[in-house]
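Residue-level structure breakdown
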Amino acid sequence: MKPCRIFSDVAGDITIVVGGESFLLHKFPLVSRSGKIRKKVADSRDSNLAKLELLNLPGGPQTFELAVKFCYGTNFEITPENVANLRCAAEYLEMSEDYWEENLISRAEKYLKEVVVQSLEKSVEVLSTCEALLPTAEEVGIVTKCVDAIAINASKEQLVSGLSHLNCDESGKLNMDCTEWWVEDLSVLRIDFYQRVIAAMRRTGVRADSITACLMHYAQTSQKGIGKREVWDPSRMKLDSTMAEDEQRVIVETLVSLLPTDKSTSIPLSFLFGMLRLANLVDVNIACRLELERRIAYLLEMVSLDDLLIPSTQPSDCVFDVDTVHRLLVNFLQRIEEEEPEDSLQYGYESEGLGSTSHASVLKVGRLIEAYLAEIAPDPCLDLKKFINIIEILPDYARVIDDGLYRAIDIYLKAHPALTENESKQLCKYIDCQKLSQEASNHVAQNDRLPVQMAVRVLYFEQLRLKNAFSGSSGDGFLSQRISSGVPSAAMSPRDNYASLRRENRELKLEVSRMRVRLSELEKEQGFMKQGMMEKPGHGKTFLTSISKGIGRIGIFGGPAGGRQKAGRKSQGSEVKKGRRRRHSLS
C-alpha cells in the first residue's frame, strides 16, 4: 500500500505502519507529543530511524490519523463516535501533559467530562464503542464513567419526567404515566455492559418497574427470532441463527439474574413464560431455570392454559413439556404450605374459611390443571406415568367436582387404546365417584372404555343420592363418618394431632363445598318436579315416573335401549372432540 502523506509539500522522514497502512510523517511533531514514539526513536540503534510499526493501536489506522492531525495542529472535531478511540489511542501513544500542555489525553478527558457524561444518550453511544477497545477502555476508566453517567441521568430523567406527567384522576388520587425513552437506547449495549448499567441504576434509585420494562425490551430485541408485541408467542418461537447459542444462553441467564427481587414489582407472566421457553431452547443452567419456575409458581393461579402449553425441546418426547409443569405445581404447593400460618390451629383453623386466599388459589389451579390434562391427553406419546404425576400431585381439596378430571382421563383412554386393564384401573382410581355431577355419572355408566368396577361405584353412589332425595336429607352420610374419624387420639404426639386435624379440616371444607353443589342440584330437580306436577294436575304418577326414568338412565346391567346407548356414545365422542379442538402444532 502506498504511504499516506499528511503534508505532501514537505517530504517526511519517518514511515509509521499501523494496521497494515503506512503513514509518511515527520519525527519532530510526533516525538514532541507522543512519549511512546519518542522512546522508540531514542532507543533505536539507528539514529536515522526511517520506519516504525505500532502494533495493536486502539482504534486502528483511522484513529491514528486523527492523533497525527492533533500532533500537527490540524483542526478536527471530537465526537461521541471517536472520543473513546482517541482517549485509548492517546493512552497507547503516551500523549500526556508530561510531553505537551493540553495534550490529547487531557483534551479527550475534558470532552468526556463536559459533554458525554452530561447526556444519557451520548454516554450510551460512547459505551457501545468501548466494546472494541477493551481492556484499554476499562483501564482508562471510560466504561465506569459511562455506566455511572447513564444511571445518574436515568434517575434524573425519571424524576423530571415523573413530575411533568403527574395528574389527578376523578377520585383525586395521583397517578404517573410516563414512558422512559432511554429503555430503547440501552438495548444496543453488550450484555456485560448492560448488566453493569442495570446494577448502577438500582444503586441510584431508578424504579423497579422501569428496570423490569428495560429488561423486557432488551430480551425482546436481543432475540431476533421472537416477536416483540406478542411477547414470545410459542408458535413463532425460533432461535436466531445469526447469534451463537452460547451468547443467547448468557443473555438469558444474565437477564434472569437481573430481575427485581421485590415481590411488589409486577413482572408479566407472558414475559416469564417467554423466558422459560427460551431457557429450554438454549439449555440454560439449572439455577436460571429453577428461578424462572419459582417466579411463575408464585403466580400460578393467574396463569392461562396457553401459557402452560410449553413445547418440548426433546425430539423423542411428547409434544408438550409436562415435566416443567409438574415442577411448577411442586413450587406452587410449597408456596401454599409456607403461606399457611403455623398458629392456625391455636386460633382456630376454621377461621381460614372456604373463601381464604390460599384455598381459592388452589381451586383455581385445580381447574387450570384439569383443562391442561384434557389438552395434553390426546398426545399418543404422552407417558402414563407423567399423566398420573400431574393428576396426583394436587391435593384432594383442589377439586370440588371431578367432571373435568373425568373428561381428561376419558380423552386419554380414547387416545391410548393399547392400555392394559390394570393401567386403566390405575388411572381411573383418581376419579372420586362422589364428586361427579349427574350428567357425568350418566356418561360414566354408558362409557365402555372405563373399567366395570367404576361403573358399579357410580351406580352405588347414584342410588345413595336418589335415596337421600327421597328422604329429604341434605347430606350423604359420609360427612358424619369423616367427622367421627377426625378426633385426635390421646396416644398421638401434638405434631401428629395437628397434622391430623389440619388434614381433616381440609376434608371438611371439601365436603361442605361438595354438599353445596349437590344441594343446588337437588333444588333444581325439585323445581323441575314441582313444575311437572303443576302442569299435569291429578296425575299422581308424575313424580315417581321422573324418578324411575332417572334410575333407568344410570342402569348398566339392565341397560337402556340400544338407540339411547348409541346417543350417549355420540355425546361422549363429541365431548372428546371438543377437548381436542384446540391447536397442538408447534408451527
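One can find the structure itself at the top, above this paragraph.
This report concerns the structure included in the present document. Given the structure is predicted, the values throughout are model-derived calculations rather than measurements.

**Details of the overall build of the protein chain**
When its secondary structure is counted, the protein chain shows 26 helices and six strands. Per-residue burial over the protein chain gives 46% buried out of 587 residues. Nonlocal contacts in the protein chain, meaning residues at least 24 apart in sequence, comprise 71% of its contacts between residues at least 6 apart. Carbon and sulfur atoms form 53% of the exposed surface of the protein chain, whose accessible area is close to 30,900 Å².

**Considerations on the pairing of strand S2 (residues 14-18)**
Taken across its five residues, S2 has five buried, putting it largely inside the fold. Here S2 shows two buried faces, one formed by Ile-14, Ile-16 and Val-18 and the other by Thr-15 and Val-17. Relative to strand S3 (residues 21-25), S2 is paired through five bridges, and the arrangement is antiparallel. For Val-18, the partnering residue across the bridge sits in S3 and is Glu-21. Taken together, S2 and the strand that follows it, S3, pair antiparallel across an intervening segment of two residues, in which Gly-19 is found at a positive phi of about 55°. As defined by bridge partners, S2 adjoins strand S4 (residues 51-54) across four bridges and the pair is classed as parallel. In the sheet register, Thr-15 faces S4, and the bridge partner there is Lys-51.

**Focus on the packing of helix H18 (residues 384-393) against helix H20 (residues 421-428)**
Look at H18 against H20: their axes get within 10 Å of each other, and the N-to-C directions meet at 15°. As far as their axial angle goes, H20 and H18 are roughly parallel. When you trace H18 past H20, the crossing you get is left-handed. When H18 is examined against H20, the residues Leu-384, Phe-387, Ile-388 and Ile-391 are found in contact with a partner set consisting of Glu-423, Gln-426 and Leu-427. Considering only residue class, the contact of H18 with H20 consists of five nonpolar, one polar and one charged.

**Quick look at unusual backbone geometry**
A cis geometry characterises the amide bond from Leu-134 onward to Pro-135, with omega recorded as 5°. Along the polypeptide, Pro-135 turns up in the loop between helix H6 (120-129) and helix H7 (136-139). Located in the positive-phi region is Glu-94, a residue other than glycine, with phi close to 60°. Tracing the backbone shows Glu-94 in the loop between helix H4 (83-93) and helix H5 (104-116). Given a relative accessible area of 25%, Glu-94 falls into the partly exposed group. The backbone of Asp-283 shows a phi angle near 60°, a positive value even though the residue is not glycine.

**Points about a negative patch on the surface**
On the surface, a cluster of negative charge is made up of Glu-97, Asp-98, Glu-101 and Glu-102. With respect to the secondary-structure elements, Glu-102 resides in the loop between H4 and H5.

**Description of the nonpolar core**
Nonpolar side chains tend to gather and get buried jointly when the protein is soluble and globular. Core analysis: the biggest nonpolar cluster contains 143 residues, and Tyr-194, Met-201 and Phe-387 have the highest contact counts within it. A total of nine residues in this core trace back to one element, the largest contributor, which is helix H13 (residues 269-282). For Tyr-194, the residues in contact, after removing those within four places along its chain, are Leu-186, Leu-189, Cys-214, Leu-215, Tyr-218, Leu-255 and Leu-258.

**Brief notes about the pattern of salt bridges**
One pass over the full model with this rule turns up 19 salt bridges. Through salt bridges with shared partners, a single ionic network connects Arg-87, Glu-91, Glu-109 and Lys-145.

**Here's the deal with the environment of Glu-421**
Mapped onto the elements of the fold, Glu-421 is located in helix H20. Given a relative accessible area of 54%, Glu-421 falls into the exposed group.

**Notes on helix H10 (residues 191-204)**
Helix length check: H10 (14 residues) gives 20 Å between terminal C-alpha atoms against 20 Å at 1.5 Å per residue, within 8%. Positive phi shows up at Gly-205, right after H10, with a value of about 95°.

**Focus on helix H19 (residues 403-415)**
Between its first and last C-alpha, H19 extends 19 Å over 13 residues, near the 18 Å set by a 1.5 Å rise per residue. Within H19 the residues assigned to the buried category are Leu-405, Tyr-406, Ala-408, Ile-409, Asp-410, Ile-411, Tyr-412 and Leu-413.

**A closer look at the side chain of Asp-321**
Within the secondary structure, Asp-321 is located in the loop between helix H15 (305-308) and helix H16 (322-339). Buried charged residue Asp-321 carries no salt bridge. Nearest counter-charge: Arg-327, at 5.1 Å. Side chain to side chain, Asp-321 and Thr-324 meet in a polar contact 2.6 Å long. Contacts of Asp-321, omitting those with residues within four sequence positions, involve Asn-280, Ile-310, Pro-311, Ser-312 and Tyr-372.

**Overview of the side chain of His-443**
The residue His-443 is located in helix H21 (residues 438-445) in this model. Polar contacts involving the side chain of His-443 include one to the side chain of Tyr-406, which spans 2.5 Å.

**A short note on the environment of Cys-428**
One can find Cys-428 in helix H20. By relative accessible area, which is 2% here, Cys-428 ends up buried. The residues contacting Cys-428, other than those within four sequence positions of it, are Ile-409, Leu-413, Leu-450, Pro-451, Met-454 and Arg-457.

**Re the packing of aromatic side chains**
Taken as a whole and judged by the stated rule, the model has three aromatic pairs. Judged by centre distance (4.0 Å) and plane angle (20°), the ring pair of Tyr-194 and Tyr-218 falls under stacked. One end of the pair, Tyr-194, is in helix H10; the other, Tyr-218, is in helix H11 (residues 208-222), with 24 residues separating them in the sequence. Residue classification places Tyr-194 among the buried positions, given a relative accessible area of 0%. The ring centre of Tyr-92 lies 4.7 Å from the NZ or CZ of Lys-36, which sits over that ring. Against the face of Phe-193 rests Arg-190, its NZ or CZ located 5.2 Å from the ring centre.

**Here's the deal with the packing of H16 against H18**
Between H16 and H18, the least distance of the axes is 10 Å, while the angle of their chain directions is 15°. When the axes of H16 and H18 are compared, the pair comes out roughly parallel. Where H16 crosses over H18, the two elements pack in a sense that is left-handed. Taken together, the residues of H18 that come into contact with H16 (itself represented by Val-322, Asp-323, Val-325, His-326, Leu-329, Val-330 and Leu-333) are Lys-386, Asn-389, Ile-390 and Ile-393. Of the residues belonging to the contact of H16 with H18, the class tally is seven nonpolar, two polar and two charged.

Thresholds applied
Residues numbered from 1 in each chain as written. Predicted model: local features only at pLDDT ≥ 70, side-chain atom pairs only at ≥ 80, totals over all residues. Heavy atoms only, no water. Helix = DSSP H or I, 4+ residues; strand = E, 2+ residues; numbered from the N terminus. Buried < 20%, exposed > 50% of the residue type's maximum accessible area, 1.4 Å probe, protein only. Contact = heavy atoms within 4.5 Å. Areas by Shrake-Rupley, 256 points an atom, 1.4 Å probe, with all protein chains shown as cover. Pairing = 2+ DSSP bridges. Axes fitted to C-alpha atoms, helices over the stretch in contact; angles between N-to-C directions. Parallel < 35°, antiparallel > 145°, perpendicular 65-115°, else oblique. Left-handed = near helix turned anticlockwise from the far one by under 90°. Nonpolar A, V, L, I, M, F, W, Y, C, P; charged D, E, K, R; others polar. Patch = residues over 30% accessible without salt bridge, like charges linked within 9 Å, V, L, I, M, F, W, Y side chains within 5 Å. Salt bridge = Lys/Arg side-chain N within 4 Å of Asp/Glu carboxyl O. Lys, Arg positive; Asp, Glu negative; His and termini not counted. Charge placed at Lys NZ, Arg CZ, Asp CG, Glu CD. Core = buried A, V, L, I, M, F, W, Y, C linked by side-chain atoms within 4.5 Å. Expected span 1.5 Å × (residues − 1). Polar contact = N/O pair within 3.5 Å; in protein donor to acceptor, adjacent residues only side chain to side chain. Phe/Tyr/Trp six-rings, centres within 6.5 Å; stacked < 30°, edge-to-face > 60°. Lys NZ or Arg CZ within 6 Å of the ring centre and 35° of its normal.

Without other data, these values stay purely geometric and don't point to any function.
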